[in-house]
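Overview (structure and organization)
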Amino acid sequence: MATDELSSKLSRRLQIEEGAEDPVAVDVPEHENGSEEKPSTANADSELGAKLLRRGELNEGQGEPSQPSMKVFNPYTEFKEFSRKQIKDMEKMFKMYDAGKDNYIDLMELKLMMEKLGAPQTHIGLKNMIKEVDEDLDNKLSFREFLLIFRKAAAGELSEDSGLCVLARLSEIDVSTEGVKGAKTFFEAKVQAINESNRFEAEIRQEQEAKKKQAEEQKQRRAAFKELQSAFK
């Protein structure tokens, strides 16, 4: 059988490769009709040669054995800005609209979601919503990409007229461990935090300007005193 012969060849070549046997020259008779070897045998030999070459590279320390990716998505470690309760609430919402139960929200499911939230979108609007967070370009939302919506919302990276911004605002998910309800309130809190930061920076600038002014006044007083001293000499 061709399979047994191929297996025998592979075993012998591996033994030679590992130094278990010495190669022996063998006279191979030419085909009587001068025709080439059958394509199936040629393909098998080509595949065998590639495997042996790869085996030799690994034995010599060239390259690394390929292994399937074992990376598992963990929302609690990747999205540390959210609490467990927040992620649970987002997961609950995601599963609610995952009608196909395939762990994705496709275009039609997103359409239904936005209609249920009271903010229906056009077909193009829905496609743009998916496109904005569709990192793997499969035209649907995974749970990780769904979480990206709320990450972008929390970071203020969504425009107010964006469909994703509307989704985040209407989701009524608790987006703050301090109990802020709804994305709208969250945005207001973020604006307030920015204003407080700006006020802090303004106070620092005022202090620096006051110190600069005080130093200038001291310099002027010293100059006036020196001028007065020179007048009495």
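What counts and what doesn't
- Residues numbered from 1 in each chain as written.
- Predicted model: local features only at pLDDT ≥ 70, side-chain atom pairs only at ≥ 80, totals over all residues.
- Heavy atoms only, no water.
- Helix = DSSP H or I, 4+ residues; strand = E, 2+ residues; numbered from the N terminus.
- Buried < 20%, exposed > 50% of the residue type's maximum accessible area, 1.4 Å probe, protein only.
- Areas by Shrake-Rupley, 256 points an atom, 1.4 Å probe, with all protein chains shown as cover.
- Salt bridge = Lys/Arg side-chain N within 4 Å of Asp/Glu carboxyl O.
- 1 Å grid on protein atoms, 1.4 Å probe; cavity = no way out; pocket = protein on both sides within 12 Å on 5 of 7 lines; lining within 4 Å.
- Points joined across faces, edges and corners; volume = space filled by probe spheres on them.
- Arc of directions from axis to C-beta.
- Contact = heavy atoms within 4.5 Å.
- Polar contact = N/O pair within 3.5 Å; in protein donor to acceptor, adjacent residues only side chain to side chain.
- Core = buried A, V, L, I, M, F, W, Y, C linked by side-chain atoms within 4.5 Å.
- UniProt positions renumbered as here; feature names shortened; annotations may be inferred.
- Patch = residues over 30% accessible without salt bridge, like charges linked within 9 Å, V, L, I, M, F, W, Y side chains within 5 Å.
- Lys, Arg positive; Asp, Glu negative; His and termini not counted.
- Charge placed at Lys NZ, Arg CZ, Asp CG, Glu CD.

1. Thoughts on the overall build of the chain
Counting secondary structure elements, the chain contains nine helices and zero strands. The order of α-helices and β-strands along the chain, N terminus first, is α-α-α-α-α-α-α-α-α. Among the 233 residues that make up the chain, the fraction classed as buried is 24%. Per element, the accessible surface of the chain, about 17,500 Å² overall, is 52% carbon and sulfur.

2. Regarding the pattern of salt bridges
Taken as a whole and judged by the stated rule, the model has eight salt bridges. Here Asp89 ties to Lys85 by a salt bridge, and the two come within 3.0 Å at their closest N and O atoms. You can see Asp89 and its partner Lys85 sitting in helix α4 (residues 84-97), four residues apart, about one turn around the helix. Ionic pairing is found between Glu91 and Lys95, a salt bridge with its closest N-O pair at 3.4 Å. Here Glu91 pairs with Lys95, and both are found in helix α4, just four residues apart, close to one helical turn.

3. Quick word on the layout of surface pockets
Roughly 160 Å³ of internal volume is contained in the second largest pocket. Around the second largest pocket, the lining residues are Glu91, Phe94, Lys95, Asp98, Asn103, Tyr104, Asp136, Ser142 and Phe143. Tallying contributions element by element places α4 first for the lining of the second largest pocket, with three residues.

4. A look at helix α5 (residues 107-116)
Restricting attention to buried positions, one finds in α5 the residues Leu107, Glu109, Leu110, Met113 and Met114. Buried residues along α5 cover an arc of 160° about the axis, so they all sit on one side. Of the exposed residues in α5, the ones pointing more than 90 degrees away from its buried face are Met108 and Lys116. Against the buried residues of α5 lie α4, α6 (123-133), α7 (143-154) and α8 (163-170). Capping the start of α5 is the job of one residue whose side-chain oxygen sits 3.2 Å from the backbone nitrogen of Met108: Asp106. Backbone geometry just after α5 places Gly118 at a positive phi near 80°.

5. What about the nonpolar core?
Counting residues in hydrophobic clusters, the biggest one holds 33 residues, and the most contacted among them are Leu110, Met113, Met114, Phe146, Phe150 and Leu167. Elements with a minimum of two residues in this core: α4, α5, α6, α7 and α8. With seven residues, the single largest contributor to this core is α7. The residues touching Leu110, leaving out its near neighbours within four places in the chain, are Ile105, Leu126, Met129, Ile130 and Leu167.

6. What about the UniProt feature "domain: EF-hand" (unreviewed entry) in the chain?
The residues that UniProt annotates with the feature "domain: EF-hand" (unreviewed entry) are residues 85-120 and 121-156. Segment residues 85-120 splits into 64% helix and 0% strand. End C-alpha atoms: 28 Å apart. Summarising residues 121-156: 64% helix, 0% strand, and an end-to-end C-alpha distance of 21 Å.

7. With respect to a positive patch on the surface
Taken together, Lys219, Arg221, Arg222 and Lys226 make up a surface patch of like positive charges. Position of Lys226 among the secondary structure elements: in helix α9 (residues 182-231). You can call Lys226 exposed: its relative accessible area is 59%.

8. Topic: the side chain of Ser171
Within the element layout of this structure, Ser171 appears in the loop between α8 and α9. In this structure Ser171 comes out as buried when scored by relative accessible area, which is 11%. Side-chain polar atoms of Ser171 contact the backbone oxygen of Ala168, separated by 2.9 Å. Here Ser171 is in contact with Met93 and Phe150, once residues within four sequence places are set aside.

9. Some details on unusual backbone geometry
One non-glycine residue, Asn103, lies in the positive phi region at around 65°. If you trace the backbone, Asn103 turns up in the loop between α4 and α5. Of note, Leu137 is a non-glycine position whose phi angle comes to about 55°, a positive value. Relative to the assigned elements, Leu137 resides in the loop between α6 and α7. Overall, the relative accessible area of 68% leaves Leu137 in the exposed class.

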